[in-house]
Every structure is written in C-alpha cells, then in structure tokens.
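# Geometric and topological summary
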Amino acid sequence: TFKPLEWSLSEARKTSNGFTKVIVDKLNNDKVLGIHFLGPSAGEVMQGYGTAMKKGITIKDIQETVGIHPTSAEEISTLSVTKSSGKDAEAGGC
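Keep in mind that what you see is a predicted model, and the values were worked out from it rather than measured.

About the criteria used
Residues numbered from 1 in each chain as written. Predicted model: local features only at pLDDT ≥ 70, side-chain atom pairs only at ≥ 80, totals over all residues. Heavy atoms only, no water. Helix = DSSP H or I, 4+ residues; strand = E, 2+ residues; numbered from the N terminus. Rg over C-alpha atoms; globule rule 2.2 N^0.38 Å. Buried < 20%, exposed > 50% of the residue type's maximum accessible area, 1.4 Å probe, protein only. Contact = heavy atoms within 4.5 Å. Areas by Shrake-Rupley, 256 points an atom, 1.4 Å probe, with all protein chains shown as cover. Lys, Arg positive; Asp, Glu negative; His and termini not counted. Charge placed at Lys NZ, Arg CZ, Asp CG, Glu CD. Pairing = 2+ DSSP bridges.

### Things to note about the overall build of the chain
Broken down by element type, the chain carries four helices and two strands. Starting at the N terminus and walking to the C terminus, you meet the elements of the chain as α-β-β-α-α-α. Rg of the C-alpha trace for the chain: 14 Å, near the compact-globule value of 12 Å for 94 residues, within the 12% margin. For the chain, the spread of C-alpha atoms along the principal axes amounts to about 45 × 30 × 20 Å. Per-residue burial over the chain gives 27% buried out of 94 residues. Considering only intrachain contacts with a sequence separation of at least 6, the fraction spanning at least 24 residues in the chain is 42%. Approximately 6,600 Å² of the chain is accessible, and the part contributed by carbon and sulfur atoms is 54%. Looking at charge distribution, the chain has the averaged site of its 11 positive side-chain charges lying 6 Å from that of its 11 negative ones.

### Notes on the pairing of strand S2 (residues 31-38)
Alignment of strand S1 (residues 19-25) against S2, held across seven bridges, turns out to be antiparallel. Residue pairing in the sheet places Ile23 in a bridge with Gly34 of S2. Between S1 and the antiparallel strand that follows it, S2, lie five residues; Asn29 among them carries a positive phi value of about 60°.

### Here we look at unusual backbone geometry
Here the residue pair His69 and Pro70 is connected by a cis peptide bond, since its omega of 0° sits within 30 degrees of zero. Within the fold, Pro70 resides in the loop between helix H3 (59-63) and helix H4 (74-77). The phi dihedral of Asn29 falls on the positive side, at around 60°, and the residue is not glycine. Secondary-structure assignment places Asn29 in the loop between S1 and S2. Phi is positive for Asp30, which is not a glycine, with a value near 60°. Note on placement: Asp30 falls in the loop between S1 and S2. With relative accessibility at 33%, the residue Asp30 sits in the partly exposed group.

These results come straight from atomic positions and should not be treated as a statement about function.
Dropping the structure here:
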C-alpha cells in the first residue's frame, strides 16, 4: 500500500491508502502478466503499462524505469517486495 499525495492533502481521504501489485511469470523470464493499481488516475497510469505488457515487458524493465516524482504512478517502478519473500509490502516514505 502507499499514500497518494493527492489523497494526503484531502481531509476526507487522509486515512486512505492506494495499492499496487505486479503479477510476474517467474518461469518465463519474469514477464509481466498483469498489474493491479488502486489510486488516483488509475486509468491514465495503466494506459502505458497495457501497451508495454503487449510488447513483453519484464519486471526488470519496470524496476529500471525512472518514476516521475511525486506521482502515484512511480509506486509501480519502486515495488521491491515479493509475495514469496514474506515481507510486509507497506510502502515507505520519501
């Protein structure tokens, strides 16, 4: 989870979190199979990733992308915790 900047400025949403997850095929060169994103401007954030997935993007490609700061979209390029690690996926601050 992460705290979208847009939501942290709103009293009504201050306690809300966003969520993002990348689904990767570990047996197929870490190819990205899907991305879940719950946060501001989700449609706009996901548009480019849809094209990238059709072109065979891998998790390494995403991790090597420089995220635009401060945006919610940058959360996708900073993901580092895997489900198999058992670590807490809560996002840290700047």
